[in-house]
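Descriptive analysis of the structure
Next come the chains, spelled out residue by residue.
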Amino acid sequence: MQTIGRAGQAEQTITKSRFIAVAEHCTDERAVAMCLRRLAAAHSSAHHLAYAFRLKTPDGIVQRFSDAGEPSGTAGKPILQFLEGRDLINVCVGVIRYYGGINLGTGGLARAYGGTGRMALEAAEIVPYVEMTSIALELDYARLDMLTREVSKLHGEVIDKQFGERVRLIIRLPTKEAQTLKARYTAL
């Protein structure tokens, strides 16, 4: 599985219709909605905003698409097919269309939406997917700096810190490293 490390954009004009695509990393449906709202706000005079996304959730992979008023299966579905074909997850691709006055037909629409979405994915940085998990730890102040450096080396992040007699932390890091780190810092 793969995901996006850096967003990608693409634009092309096909038979007087202008297509603009954005591919972004999104971890949940709320992030997808925010991505699509930003895209719609930036192109408020556009005629269509078709999209597709795939997300990894605790219940499995969730994927959806929208043709945005275009004929069924001609806009969102071709975008989704590229996401599935490259086994991309936690990715949303939105394609804006400014209608140019000439009908493209169902095949032309599918090629235009899918092709522009593919171009945005090609412009994005594709990276291997690493499953992340959150863990809670409680430790002495003296060990905080050492833990913070180790979490950084593991490409994780400290999400929350609460200071009291001891430091309480919530840490997000790769799932395969979580149990080892937790055992190391709760053993003492």
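Data block above holds the structure.
Owing to the predicted nature of the structure, the values given are computational and were not obtained by experimental measurement. (Residues numbered from 1 in each chain as written. Predicted model: local features only at pLDDT ≥ 70, side-chain atom pairs only at ≥ 80, totals over all residues. Heavy atoms only, no water.)

**Considerations on the packing of helix 4 (residues 144-153) against helix 5 (residues 175-186)**
Note the following rule: For every element, the axis is a line fit to its C-alpha atoms; helices are fit only across the contacting stretch, and the angle between N-to-C directions ranges from 0 to 180 degrees. Helix and strand labels come from DSSP, where a helix needs a run of H or I of at least four residues and a strand needs a run of E of at least two; each type is numbered from the N terminus. Note that the term roughly parallel is reserved for angles under 35 degrees, roughly antiparallel for angles over 145, roughly perpendicular for angles of 65 to 115, and oblique for everything else. Residues count as neighbours in contact if any of their non-hydrogen atoms are within 4.5 Å of one another. Residues are grouped as follows: Ala, Val, Leu, Ile, Met, Phe, Trp, Tyr, Cys and Pro are nonpolar; Asp, Glu, Lys and Arg are charged; every other residue, Gly included, is polar.
Helix 5 packs onto helix 4 with a crossing angle of 170° between their chain directions and a minimal axis gap of 12 Å. Put simply, helix 4 runs roughly antiparallel to helix 5. Judged by residue contacts, M146, L147, E150 and V151 of helix 4 engage L181, R184 and Y185 from helix 5. Along the lines of polarity and charge, the residues of the contact of helix 4 with helix 5 split into 5 nonpolar, no polar and 2 charged.

**Brief notes about the side chain of N90**
Using the following cut-off: By the criterion applied in these results, polar contacts are pairs of N or O atoms within 3.5 Å in which, for protein atoms, one can donate a hydrogen and the other can accept it, and in which residues neighboring in sequence qualify only through two side-chain atoms.
Tracing the backbone through its elements, the reader meets N90 in the loop between helix 2 (76-85) and strand 6 (91-98). Looking at N90, its side chain comes within polar contact range of the main-chain nitrogen of K56, at 2.9 Å. Setting aside residues up to four positions removed in sequence, N90 forms contacts with T3, E24, H25, C26, T27, R54, L55, K56 and Y129.

**Let's talk about the packing of aromatic side chains**
One pair of aromatic rings is described through two measures. These are the centre distance and the angle between the planes. This is how the line gets drawn: Centre distance within 6.5 Å is the pairing criterion for rings of Phe, Tyr and Trp, where only the six-membered ring of Trp is used; planes under 30 degrees apart are then read as stacked, over 60 as edge-to-face, and the remainder as tilted. Throughout, exposure labels follow a simple rule: accessible area from a 1.4 Å probe, protein chains only, divided by the maximum for the residue type, with under 20% read as buried, over 50% as exposed, and the rest as partly exposed.
A complete count under the given rule lists 3 aromatic pairs for this structure. Taking 6.3 Å as the distance between ring centres and 10° as the angle between the ring planes, the aromatic pair formed by Y51 and F53 counts as stacked. Since its relative accessible area comes to 4%, F53 is described here as buried. Both rings, one in Y141 and one in F163, keep their centres 6.0 Å apart while their planes meet at 15°; by these two values the pair is stacked. Of this pair, Y141 sits in the loop between strand 8 (132-139) and helix 4 while F163 sits in strand 9 (residues 157-163), and the two are 22 residues apart along the sequence.

**Some details on helix 5**
Note the cut-off: Expected helix span is taken as 1.5 Å per residue step, with the number of steps being one fewer than the number of residues. What the arc describes is the spread of directions from the helix axis to the C-beta atoms.
With 12 residues, helix 5 should cover 16 Å at 1.5 Å per step; its first-to-last C-alpha distance of 17 Å lies within 8% of that length. Taken together, the buried positions of helix 5 are A178, L181 and Y185. The arc that holds every buried residue of helix 5, seen down its axis, measures 85°, which confines them to one face. The exposed set on the far side of helix 5, more than 90 degrees from its buried face, consists of K176 and Q179. Of the surrounding elements, those touching the buried residues of helix 5 are strand 8, helix 4 and strand 10 (167-174).

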